Each structure stands twice: as structure tokens, then as C-alpha cells.
Amino acid sequence: MISIFLSRAYPIFCYFSLIASFTMIIINRKWNSVGLRIVLPAISFTILFIPVRGLYLYKYFYGVFGNLSITSVILLLSFLVKNISNNINISNNRQVPSGREKSAILYSVAVAGLILYPTSLGFLPVDLYRLGYHPRFLLILILCLTILAWMVSLRFAAMLPVIAVIAFNLNILESENLWDYLVDPFIVFYAWGWVIYSLVKTDKKEIMQDNEYP
Amino acid sequence: MQLNTIPSITPVRIRGATAGFIFLVILAFLPVLYKEFSYTHTWQFYIQEGQKSSGINNHVPFYRNGFIQIEGQTPIVHSPSVVELNDGNLLAVWYGGTREGVKDVAIYRSIWNRQTGEWTGDSILTGPSDTGEDLGRYIRKVGNPVLLKDVDGKIWLFYVSASVGAWSGSTVNVRTSIDNGLHWSEARRLVTSPFLNLSTLVRGAPFLYNDGSIGLPVYHEFLIKFGELLRLRTDGTIMDKVRISGDGTSLQPSVVPLDSKRGIAFLRCNSSSTSRVLSSFTDDGGRSWSEVGKLPLPNPDSSVMGIRTRDGSLLLAFNNSYKNRDNMSLARSVDDGQTWEVVHVFDDRGYVNDGNRKEFSYPFWIHTRDDMIHLVYTWNRKRIRHIYFNSSWLEGL
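Residues numbered from 1 in each chain as written. Chains lettered and ligands numbered in written order. Predicted model: local features only at pLDDT ≥ 70, side-chain atom pairs only at ≥ 80, totals over all residues. Heavy atoms only, no water.

The helix and strand inventory of chain B stands at four helices and 25 strands. Taken along its principal axes, the extent of the C-alpha atoms in chain B is 105 × 45 × 45 Å. When the 397 residues of chain B are sorted by exposure, 59% land in the buried category. Across chain B, contacts joining residues at least 24 apart in sequence account for 50% of those joining residues at least 6 apart. Total accessible area computed for chain B in this model is approximately 15900 Å², and 52% of it derives from carbon and sulfur atoms. Between the centroid of the 42 positive side chains of chain B and the centroid of its 39 negative side chains there is a distance of 5 Å. (Helix = DSSP H or I, 4+ residues; strand = E, 2+ residues; numbered from the N terminus. Buried < 20%, exposed > 50% of the residue type's maximum accessible area, 1.4 Å probe, protein only. Contact = heavy atoms within 4.5 Å. Areas by Shrake-Rupley, 256 points an atom, 1.4 Å probe, with all protein chains shown as cover. Lys, Arg positive; Asp, Glu negative; His and termini not counted. Charge placed at Lys NZ, Arg CZ, Asp CG, Glu CD.)

As C-alpha cells, then:
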């Protein structure tokens, strides 16, 4: 029962967090208004239920893009919470996720996307998406990475796959494939962009340092 | 004082967090790992043997042709499928509307009465609106319905839908009926691709495995074309997915089990240089497939459909042309697809009044319990042709 309710509510949750995050980015750049940040979630939620030709707007998004992964939704929500509260802290004054954790998550997602999409779209003869329907090997791999992440104090990063697997157990997404709980094209493209940007930035920094100290 | 208390509190907090983490890890991973490791499935095709009925069906050559739906009911019709119901009648489905891919295109159905030999009760089975309502999303168009009856007599309808763009943006949906097609379950969407679930389409006839699970031949069209086999559990959830071919030009697989382990997939060829019916073989129940090869039969980039008769020969309904879909022909192989002979032409080339070529395409056939073979296909995009014949007629070719 809970699982059915969650699976029906999940698309609304996905596009609420996506639209609210996008508008939050715009607000952050244009206006530094605390009031706007607080009412923004309510506005975003309302936008989803604007009727267009007899259907709520979110149903068009859902029709075209489907569900976002659990990873995406948690990252978007953490971004929203951070921006609404301006500076949310947990113990040790750590931001959630920390810069190190963000790097770990986005590098992992970028690698996952890099192996998943070319294989599943037919560019290579193997299909790694298949592993997600019978995810015994994928689960063991994720379990190992999760434990490793926790051991090196990447706690937020470690919790993401745990929540994704719990959601997989509850069948919250319409997909029966574990990959869809872990990654989606939105976060993969974002991760690829972020990784490229980080690498270029690092290269530039190194070149500048080389020039400074010949 | 403060310096003394900090080290004693911190380890306790970390241990608490770690204990919580371990609890969540066990909660998350244990049930699904247990399920995964306790679950096995075998790859054995379900082969229906025998069941030949007595009477004229087996001894006197019998051949009849006609049409399914009322002429002009919709301006275009395409992609029919048929299934034998529990009472021996047939249920046929196809899609029709003002033109392909527009909002008013719906999946239509009709029932063939075995006693009277007539099709009646043409009506809409499902369309974009009710599919969208069931799926909680916007759906722009529907198409390519295929039918299956499982071992429990449940009728399965698989069809594609798309929210935007061309057919390559389609996904596969499923509905079931437990009362011979009178009432249908809500549509459910099969998620088969990690990239926005884009571009999985269905056209080939579904078939059964020995454990009651379903083999559903599908194909992928986005960027690269290839065939796939979905294996569905008895509740319709996806159990596995296998790629049939990866050469980038083959699509619309039609899988025909030869025995419990061996099978052949016939594929439409989308390459102008090849222009032949493509095939791939399996000897492990569809778990793996051989490289795609060419059959000595032409293919004008059009759907083909195979079937195995009870005497073990293979039949293939196809367009016997390199360029046009202007004939519907029958080829037969008695050596499991190694050699082929064209034995009959169901509908021949010709021109309609407006000077355009006729089109006979998208064949689909079934072997019924009374040993009749029923073939349906698109007739000039205006009507659905229905041809049925028995083994004696076939043997006389």
C-alpha cells in the first residue's frame, strides 16, 4: 500500500525538486531574497498542477522524461534544503554533501553513465543495462562501494545507494531495473559536464602554477 | 575539562552512526540479495505438441480468405495481430485512425466467431487518452499491438506508445484480460532502456517458456537498430533482456522456437545494401543468439513473421521483393531454416485506382487448436486481410 502510494507520488516529487532547484539557481543569481527562497517550493509545487489541455503540467514532463533516479532526487533535495536554510549543518560543521562527497558522487555517476549508455544503446555488443534486472552482481558491487565510501568518511555518498536499494525493494519507480534507481540521463549529463569542467579547471591551475614557478 | 570530554563523546557518536548505517545496509541489501540468490530460471521454450483435431480440417484441403474490419471504419489501418481465445474464437487487434501517428489513432479489436466464420464487434480497445490516464502521463500516439494467450488462458496485449516524436521514441505497454478480451487491466509501462526509456517497440509474436514466463521479441530504433528479447514473469514484470542482434540494421524480430532449446529469429532488414530477410539462431532457449545472417529471401525493409507447423516445417510470411511491399508471399523450410522455397503468393502486386502500388505488409499468424493456421496482415493500409488454411492445403503446395 505504502509502496503504491510512493510510486504514484514519486513523479510529482521528481519534478517538484527539479523545477524548484532550477528556479532556485535563477533566484540565487538574480535576487538574494530569503522570502523568495521560502515561497519558492510552494510556487514550484503549484506550477506542476497547472492544467494544460486537460492534463496537469507534470504529466507532460513525466510522459517525456519518465522518473528521475533516487540519486538525482536526493541531490536536488539536498541542494534545495541547503539553499532554503542557507547553511544547513550537521555535526562537525560538515555541509551536506561536502565538496569531497560531491566529487565522489559525480565521478561515480559519470563513470556509470559512461559504461551504461554506450552499451545499452547498441554502440557495443554487450548490454550492461541487463545486469540491473537481475542485479546480484550489481548489488554486490554497490555494497562494496558503499562500505568503502563509509570507511573513508563519505557518509552522504555512502547513504545514496543504500536509499536507492531500499527504494528498489519497495518498487517506488515503475522500472524493475536497479540502474534506473541509481542514475538517469539528467544526472549523468550533469556529472559529465561537471567532471570536464573540473578537469579543465585543474589543468588551467597547473599551467598557471608552472608559469609562476618555472 | 572540556578537552577531556570531547574525545570520550566523539567515538560514541561515530559508533552510533556506524551502527545505524549497518542497520540500513542490512535492511536495504539483505532482502534483495536473498531474493536474487534464491531465484533461478531455466531457458526452455514451451512447445505445444499434438492436439490435432479430427474431422475435415486434417484431411480435406481448406483455404479461405476475407477481411476483418468494416471498410472505411478508419482511413488507415495497420499492424494486425490475432490470438485464439479459450472458446476457440479469435480476437484480432490492429491500429487505425486518420493517419499514422496522430492523436486519433487507437487500437481496434474484432472477434471472429468460429461457428459462423464472421468478424463482429469492431470497437476501440485502447487509445492514447486511456493509456495516458492509466500511466499517469501524457501519451500522444499508440501502435503496433500484439497478442498472446498464456497457459492459464489469460490474454496479453502488448502495444507501443509515444509521448513525443516519431516511433523511435516509443515504449512498450501491457494490458491483460482474463475474460476473453471483454475487460482489460490498466495499462502498465515496461521500462527497457536507461535513456529516458526511449525506443523499445514491439511487433513480433510473443511466445511462452516452460515455466509460464513470456518471451517478447522487441526492437530498438534510437540511434542504432537492433532486436532484443524481453523475458517477462507471469505477473508481467521484466525478468531479463537479451540482445538478438547488434549489426545496426536489423529490427522487428519474429522468434520461432524449434524445440525446447533451439530457436530462430527472423528479422526485418533496414539496410538498402543487404535487402534480405535476416536470421539469428539460439541453442540455449534464447539466452544467447548467433551473429545475424542473411536468408536467401528478399526483404524490402518490411516486417516478416515466422511460424512452426505441427509437422516441424517452418513457414515465413514475407514480401517477396527487394523494393516493394506489393505482394504477400509464403516461404517454407523443412530443415529448420537452412533452405527455403517460396510456395505460395497470398496477395499479388497490382495498382489501386489512384495509380499507387498496393501494400501488403506486417503479417502475423497463429496455429489454432483445430490445426488451422490463421494469417492476418495489412491490406493496402485500408483493410486487414484474414486468410486461414489447414495442413492438408499446405501439404498440397
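This brings us to the packing of helix H4 (residues 70-84) of chain A against helix H7 (residues 155-169) of chain A. All names here are of chain A. The contact between H4 and H7 brings their axes to 9 Å, and the two run at 130°. With respect to H7, the element H4 is oriented oblique. Once H4 is placed against H7, the crossing between them reads as right-handed. Contact residues: Ile70, Thr71, Ile74, Leu75 and Ser78 in H4; Phe156, Leu160, Ile163, Ala164 and Ala167 in H7. Residues of the contact of H4 with H7, tallied by class, amount to eight nonpolar, two polar and no charged. (Axes fitted to C-alpha atoms, helices over the stretch in contact; angles between N-to-C directions. Parallel < 35°, antiparallel > 145°, perpendicular 65-115°, else oblique. Left-handed = near helix turned anticlockwise from the far one by under 90°. Nonpolar A, V, L, I, M, F, W, Y, C, P; charged D, E, K, R; others polar.)

Quick look at the interface of chain B and chain A now. Each partner contributes residues to the interface: chain B has 48 residues there, and chain A has 49 residues. Buried surface at the junction of chain B and chain A, summed over both partners, amounts to about 4400 Å²; 64% is from carbon and sulfur atoms. Three residues, Phe21, Phe29 and Pro194 of chain B, lead the burial of chain B against chain A; their summed loss comes to 16% of the area buried on that side. Viewed at the interface, chain A and chain B are joined by six salt bridges. The salt bridge partner of Arg189 of chain B is Glu174 of chain A, with a shortest N-O separation of 2.7 Å. On inspection of chain B and its partner chain A, the count reaches 18 residue pairs in polar contact (both at pLDDT 80 or more). Listed by contribution, the elements that provide at least two residues to the side of chain B that touches chain A are helix H1 (2-38), strand S9 (188-190), strand S13 (226-232) and strand S14 (238-243) of chain B. Looking at the side of chain B that touches chain A element by element, the count peaks at 15 residues for H1 of chain B. Considered class by class, the residues forming the side of chain B that touches chain A number 28 nonpolar, eight polar and 12 charged. (Buried area = accessible area lost by both parts, 1.4 Å probe. Salt bridge = Lys/Arg side-chain N within 4 Å of Asp/Glu carboxyl O. Polar contact = N/O pair within 3.5 Å; in protein donor to acceptor, adjacent residues only side chain to side chain.)

Those residues of helix H3 (residues 128-135) of chain B lying buried are Pro128, Thr131, Gly132 and Leu135 of chain B. Along the axis of H3 of chain B, the buried positions cluster into a sector of 100°, meaning they face one direction only. In this structure, H3 of chain B carries Ser129 and Glu133 of chain B as exposed residues pointing more than 90 degrees from its buried face. Where the residues of H3 of chain B are buried, they touch helix H3 (57-65) of chain A together with strand S5 (119-126), strand S6 (141-149), strand S7 (155-162), strand S8 (171-177) and S9 of chain B. Gly136 of chain B lies just past H3 of chain B and shows a positive phi near 70°. (Arc of directions from axis to C-beta.)

As a further point, take the sheet that holds S6 of chain B. Residues and elements named next belong to chain B. Read across the open sheet, the four strands follow the order S6-S7-S8-S9; overall the sheet is antiparallel. Looking along the sheet, the strands with just one partner apiece sit at the ends: S6 and S9. Along the sheet, successive strands turn relative to each other by an average axial angle of 30°, direction set aside. Across the face of the sheet, H3 comes into contact with S6, S7, S8 and S9 while running at roughly 90° to S8. (Pairing = 2+ DSSP bridges.)

Below, the discussion takes up the pattern of salt bridges. All names here are of chain B. Taken as a whole, this structure holds 19 salt bridges over all chains when the rule is applied. A salt bridge links Glu84 to Arg369; the nearest nitrogen and oxygen atoms lie 3.2 Å apart. Of this pair, Glu84 sits in strand S2 (residues 76-84) while Arg369 sits in the loop between strand S23 (360-367) and strand S24 (372-379), placing them 285 residues apart in sequence. Taking relative accessible area as the criterion, Glu84 reaches 10% and is therefore assigned buried. A relative accessible area of 30% places Arg369 in the partly exposed class. Salt-bridge contacts for Asp370 lead to Arg114; the nearest nitrogen and oxygen are separated by 3.8 Å. Of the two residues, Asp370 sits in the loop between S23 and S24 while Arg114 sits in the loop between strand S4 (106-112) and S5, which places them 256 residues apart along the sequence. Take Asp370: its relative accessible area is 12%, and that puts it in the buried class.

Let us now look at the pairing of S2 of chain B. Taking burial as the measure, the nine residues of S2 of chain B include nine buried ones, the bulk of the element. In sequence, S2 of chain B turns back onto strand S3 (residues 90-97) of chain B through a hairpin of five residues, with Gly88 of chain B there showing a positive phi of about 90°.

Moving on: the confidence of the model for chain A. The predicted model of chain A has a mean per-residue pLDDT of 87, with 89% of residues at 70 or higher. Every residue in residues 87-92 of chain A scores below 50 in pLDDT, and together they form 10 contacts with partners more than four places removed in sequence or on other chains. (pLDDT = per-residue confidence, 0-100.)

Moving on: helix H2 (residues 34-48) of chain A. All names here are of chain A. In this model H2 runs 23 Å from its N-terminal to its C-terminal C-alpha over 15 residues, within 8% of the 21 Å that 1.5 Å per residue would give. At Leu40, H2 shows its largest kink, close to 40°, and the proline Pro41 lies no more than four residues downstream. Along H2, the positions that sit buried rather than exposed are Arg37, Leu40, Pro41, Ser44 and Leu48. Buried-residue contacts for H2 involve helix H1 (2-30), strand S2 (55-56), H3 and H4. (Expected span 1.5 Å × (residues − 1). Bend = angle between axes of the 7 residues up to and from the residue.)

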